[in-house]
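Descriptive analysis of the structure
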Amino acid sequence: MTAVSDILHLLVTANLWQATLAAAVLLLLPALGGVISERSGVVNIAMEGMMLTGAFFGVVTDLAWHNPWLATGVAIIAGGIMAGVHAVVSIRFRADQIVSGIAINIFAAGITVFLVNRIYGIQDIGHATQNELLPNFNVPGLDQLPFLGQVLFQQNVVVYAALILLVGVHIVLFRTRLGLRIRAVGEHPQAADSAGINVYLIRYGAVVTSGLLSGLAGAFLAIGVSNTFVPNMTDGRGYIALAAMIFGKWTPFGAFIACLIFGLGEAIYANNSIIHASPYLLSMLPYILTLVVLAGLVGRSSPPAADGIPYVPGSE
Amino acid sequence: MPLGSVVFAFIAGGLIVAATGGNPFSAYAGLICGGFGIGCTQGENPALQISNTIVFLTPLITTGVAVALPFRAGLFNIGAEGQLLAGSIACTAIGIKFSTLPTPILLPMVLVGGMVAGALWAGVAGVLKATVGAHEVVTTIMMNYVAQWLLRYLIIGGPLQLAAGTSKSLPIGPGARLATLLPADNSLIVFDLPASVYRVHTGLFIAIVAAAVFAFLLWRTTLGYEIRAVGQSQRAARYAGVSVRRTIIVTMLIAGAFSGLAGAVQIAGVDHNLTDKYFSDTTGFDAIAVALLGLGSAVGIVLASLLFGALHAGGSVMQSDAGISSNLVLVLQALILFSIAANFLGAIRQLIPGLRRPPSAPRPETPSAALMTEAAAAAPDVTPPK
Amino acid sequence: MRMGQTRLRLFGLVAVALMLAAACGGSSPSTPTKTYKIGLVTDIGGLNDKSFNHLAYVGLQKAITDFKVQGVVKESKTGDDYVPNLTNFASTNYDLVIGVGFLMQEAVGTVSGQFPNVHFAIIDGAGTDAKGNDLKHANVESLYFREQDAGAMVGIISGMLEKQGKLKNNKGVISAVGGVSIPPVNHYIAGYKWAATMEDPGIKVLVGYSNDFTDPAKCKAIAVGQINGGSDVVFQVAGGCGLGALQAAGQAGVKSIGVDADQKDADPSVIASALKKVDVATYTAIKDVVNGHFPGGALTFDIQNGGAGYAVDNFSLPADIQAEVTKVQGEIAAGTLTPPADIPA
C-alpha cells in the first residue's frame, strides 16, 4: 500500500515530469524521423544506428574543438549521412529497406567501436567539460511558473528544439503542400508521379531528414545528457522510438504521447527505489504495450499504403 | 552473385582498415587462420580453429532456416533471436525440472520443449499478421525485447536463478545433454590438444537435418507449395484455394520451432545452463544475413553459415595476430548485407559498357526484395475480421 | 588451512605494491632470458569500458615495460567468445592467460582444466563449474577485491562532509547508483553505507540500480531523482552508465564519487574515487609467472595490501576528514574494523 501511495505522491512532483519530458525527447527525435521517413514510403528501422553514429561523431568533434554547437552540427550531419546511405540503397538501388536498416544498425555498432579503438587506442575517449555541453536553459519568467515552470521551462536547449520540431513536423506534414506531397508519395507514388511530384526527391529528403533528427538525438544523448561516448550507449532507443511511432499511428503527436508514456515509465523507475516488481519485468512494458496496440486492442494502427515498397517509375 | 557481395564487402572493409592505418592483408590473414585454421603464423592449432567455427555455425544453420522459410512466404522474421532465447529458456527449465530422467526421455523433451516455446514466440507475430495485419517486422522486434527482458528476469532474481548474486541458472540434468563428437576428456590427446577443447557436438547433425527438412518441406510438400504461392502473390494464392491466413500462421510457427530448436541445441550441446552470455547473443540477427546470403536455399544457408561461423571465430585471431579490433567483423557483416540488399554489383556491371546487359532485360532483384515487395503490396488483402 | 595460505600471500602482495612503486624509476627487476607470453581476454565490455577491462590492460602494459613479456589482447564481442578466446591463447603456448571479469568464471574453470600446464588468472572470480563452485585448479589465480574497503573510504568522506553541513542540500542524505545488484557492486555500496553511518548515525543513504552498465542517461535519471530527494553526494557504481550520475551531480551543484579507476576527469563534481586496482592485480599475476612462483588459489586485494583504496579528486580534503580517513584506513588494514560485504539495513 505504501508503495502505491509513494508512486501517487511521486506523480504530483514537478521533478518527475521534468525527467519524463527529457527522457521522452530522446525518443521523440528519432520517432519523428521515423514518422517522416515512413510517411514518404521508406521503412526506417535504422534510427538506432543513426543515433549512435551521431553520438559518436558529436563527442569526437566536441573533444577536438570544444564547441557543442559545432559538435551537434557534425552529429546531425553524421546521422544524415547514415540516412543518406539508407536512402541511396533503398531508393536508388531499390534494396530491401529492412535489410538495409539492419545493416545500418550493425554497421554503426561495429564502426563506432572500431574507430574508438583506432583513434583513441585504449585510452579513455575523454569527457567534455560542463561548458562544452549542450546547455540547459531556463526560459526567463516562465520558469518561475508553479509546477509547469520546472517541467516545461527548465530544460535542455534540445528539449525546446524537439518540441518546436514536433509542432513543425506536424504542420509540415498536415498543413502544407510539401506534407501533402510526402503523404501522397507514401500512399500512392504512381498517382503522385503522374501529378508531377518527384517521388525520388521527396523520399530522399524524408529519409535524410530522419537521419538528421536521429543525429540530433545522438548529440543530445552524448553531449547533453551525458558528456562522453560509451559503446552502444543508445541502448535500444532507436527501436523504442520505432515502437513509439507505431504506437502513435505514424503521427507526430501520437508518437509524442507514446514517448511520454515510455519516458514516464523510465522516470518513475529512476525516481523510485520502492517498487518491488522486478525491474526486468517492468522493462518489458513498452514492448508489450506496443504489441497490444498492434493487436488492435487500442484501435487499429496501420502504416502508409506504400510503406516499404521501392518505387519503380511506370509500374503498377 | 552472393560470392560477389562477399568479395565487395571484403574489399570495402579492407579500405576501411587501410584508411585507419591498419594492414588489411594481415587482418584477413588472421581471419582466415581463425576461421579455417589455414596459414596461421602464431602456432594456432588448425583443428581447434575449425572446431570453433563449427560450434559457431551450428545454430546459424537452424536460425538461418528460420529466417529463410518465412522469406519464401513473403514474411520477414527478424525475431529469430527472441525465438532462440525462448527455446533456450524452455530447454533449460525442462532440463532442470526433470534433471533425473534418462537421456532417451529427457533429451527429446528439452528439444521439443524448445521448439514449442520458439513456435509460440513466433506464433504471436504470425497470428497478429494474419488477423489484424500487424507488420511482422515490428512484432518480432518487440518479441525479441520481451524475450531479452524475460531472460534477465528469470536468471537475475527470478525462478531460474542459481543463487542470490549470480546471473545464471542451474545446469540441466545429464540426460538433457547432447553428446560431443569427441569425449569431453582432458587426458585424451587429439591433434596435440586435449579432446575436450573440441566442442563440436551432435547438434551439428540436428542442424543439417533441419536444413534438409526445410528443403523437403519447401519443395516436396503441399504446405511448401502453399508457402511459395503466398510469397509470390497472396491474391493468386487465394484464387488457387490457399488459405493465406492459415499459411502465414503455420509458416511462422514452423520458423519459430526452428529457432527454438537452435536455442535448445545450444543449451543441450554447448552451455548446459542459461547464463548472462545469452544477453549478448546475436545468432538470430546473424541468421538474417545467413538467409539472404544463402539465397534461401538449404545448401546456400549451410555455406553462408560456414562463412559467418568462420568470421565469428576468426575475429579474435585477427585481433591478437594483426591488432585489428574484432569489431571489424560487424562492419564486414553489415557491408555484406548492404551489398546483397542493394545488388551493387549489378549496378556496377551496368556502368561498365562491355558488361552492360541488354536494355530490355529486367533489372535483377534480390530474392528478399522481390518477396518483400510482393508481401507488402498484397498486405491490404489481409483484412481484419469483422 | 586456506586462511593461513591467504594470509601468507598478503605479505607477498605488500611487497608487490612496493615494487610497483619502485619499478617506475628502477631498472628491470629481474633478468630472465625467456620472453613470457601473456594473453588478456576482455569481457564483452571491451577495452574502452573505462573500468576493469581498461585497468587490466593498464596492468599488462606496465608489466610489458617492467618485464620481458609479450602481451596480446582478445576482446570478446559476445559471451560465446569467452571459451574460444581463452582456448586460443592456452593452445598457442601462452604462459599466462588472464580472464577479466566474473562473467568468465565458468569459461576459465573449463579451459584451465584442459590446460594444466598453462597459468590462468581471473579478475573478480574463480575458475568454477556450472554450479558456481570453485574448481580450485592449481594453475588458476583468483583475483578478488574487497570493494567494501574502498567503498568505506569514500563513505567516510561523504558521511563527514554531510554531517558537517557544508554541502548544498544539507538534508542528511547521500546516495549511490549501482549498475546491477551483483556482489562486486553491492560490496562497494555496503562499505560506503556502513562507513557513512558510522560517521553520522542519522544519515540516510539512498541506493538505486540502473540495471545497465552502458547507458549514461539511465544513471543520470536515477541520480537526479536522488538529488531531488536531498542527496548531496552521489557515488556511482555502474561503469559507463554511472558517468551520467557524476554529471548529474555536477549540474545540480552537489558532489559525486567515481568508481574503479580515478575518475577525476569525468566531471568537476567528482571529489573522490573508490579504487579497485585491477591493474595491480593483473600485474601481480604476471609477476608471479615471470618470477616462476605461481601459487594459484585466491588472492584478495584490499586496503592493507594496496589493492583497494581511494583517491581524492578536484577537492582538498579538510584536515579533520583527512585525519579520520587515515585513521579508519589504518584500522581496516589492521583488521580492527571490517566493512561488511552486504549492504547494511
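Bear in mind the structure is a predicted one, so any value in this text is a computation, not a measurement.

Residues and elements named next belong to chain C. Pairing in this open sheet of six strands is mixed, and the strands run β7-β6-β8-β9-β10-β12 from one edge to the other. Pairing within the sheet leaves two strands with one partner each, and these edge strands are β7 (204-209) and β12 (308-312). In this sheet, neighbouring strand axes are inclined to one another by 20° on average, regardless of whether the strands run parallel or antiparallel. Relative to strand β9 (residues 255-260), strand β8 (residues 231-237) runs parallel, the two being bridged by three bridges. In the strand pairing of β9, Val234 is matched with Ser256. Docked against the sheet, helix α6 (residues 183-199) engages β6 (173-178), β7, β8, β9 and β10 (270-276), running at close to 175° with respect to β6.

All right, on to the interface of chain B and chain C then. Taken together, the contacts link 36 residues of chain B with 25 residues of chain C. Elements represented by at least two residues in the side of chain B that touches chain C include exactly α3 (46-72), β2 (193-194) and α12 (298-322) of chain B. It is α12 of chain B that provides the largest number of residues to the side of chain B that touches chain C, a total of six residues. The class makeup of the residues in the side of chain B that touches chain C is eleven nonpolar, 21 polar and four charged.

Residue and element names in this part refer to chain C. Ordered in space as β2-β1-β3-β4-β5-β11, the six strands form an open sheet in which the pairing is parallel. Because the sheet does not close on itself, it has two edges, and the strands there are β2 (69-74) and β11 (297-301). Neighbour-to-neighbour, the strand axes of the sheet open up by a mean angle of 20°, direction not taken into account. Pairing of strand β1 (residues 36-41) with strand β3 (residues 96-99), which is carried by four bridges, proceeds in the parallel orientation. Counted as the bridge partner of Leu40 is Ile98 from β3.

Across the contact, 45 residues belong to chain B and 39 residues belong to chain A. At the level of secondary structure, the elements contributing two or more residues to the side of chain B that touches chain A comprise α5 (103-132), α6 (136-155), α11 (283-293), α13 (328-342) and α15 (367-378) of chain B. A total of eleven residues in the side of chain B that touches chain A trace back to one element, the largest contributor, which is α6 of chain B. Broken down by class, the residue content of the side of chain B that touches chain A amounts to 30 nonpolar, 14 polar and one charged.

Residue and element names in this part refer to chain C. Here helix α7 (residues 216-228) spans 18 Å end to end across 13 residues, near enough to the 18 Å set by a 1.5 Å rise per residue. For α7, the tally of buried residues reaches twelve of 13 residues, placing the bulk of the element in the interior. For α7, every residue scored as buried is listed here: Pro216, Ala217, Lys218, Cys219, Lys220, Ala221, Ile222, Ala223, Val224, Gly225, Gln226 and Ile227. Downstream of α7 by one or two residues, Gly230 has phi in the positive range, about 105°.

Attention shifts here to the pairing of strand β4 (residues 119-123) of chain C. All names here are of chain C. Of all five residues that make up β4, five are buried, and the element is covered over most of its length. Here β4 shows no split at all, with His119, Ala121 and Ile123 on one side and Phe120 and Ile122 on the other all buried. Pairing of β3 with β4, which is carried by four bridges, proceeds in the parallel orientation. Counterpart to Val97 in the pairing with β4 is Phe120. Summarising the sheet, β4 and strand β5 (residues 140-145) pair through four bridges and their orientation is parallel. Across the sheet, the residue bridging to Ile122 is Ser142, located in β5.

How each quantity is defined
Residues numbered from 1 in each chain as written. Chains lettered and ligands numbered in written order. Predicted model: local features only at pLDDT ≥ 70, side-chain atom pairs only at ≥ 80, totals over all residues. Pairing = 2+ DSSP bridges. Helix = DSSP H or I, 4+ residues; strand = E, 2+ residues; numbered from the N terminus. Axes fitted to C-alpha atoms, helices over the stretch in contact; angles between N-to-C directions. Contact = placed C-beta atoms within 7 Å. Nonpolar A, V, L, I, M, F, W, Y, C, P; charged D, E, K, R; others polar. Expected span 1.5 Å × (residues − 1). Buried ≥ 20, exposed ≤ 12 C-beta atoms within 10 Å, placed from the backbone.

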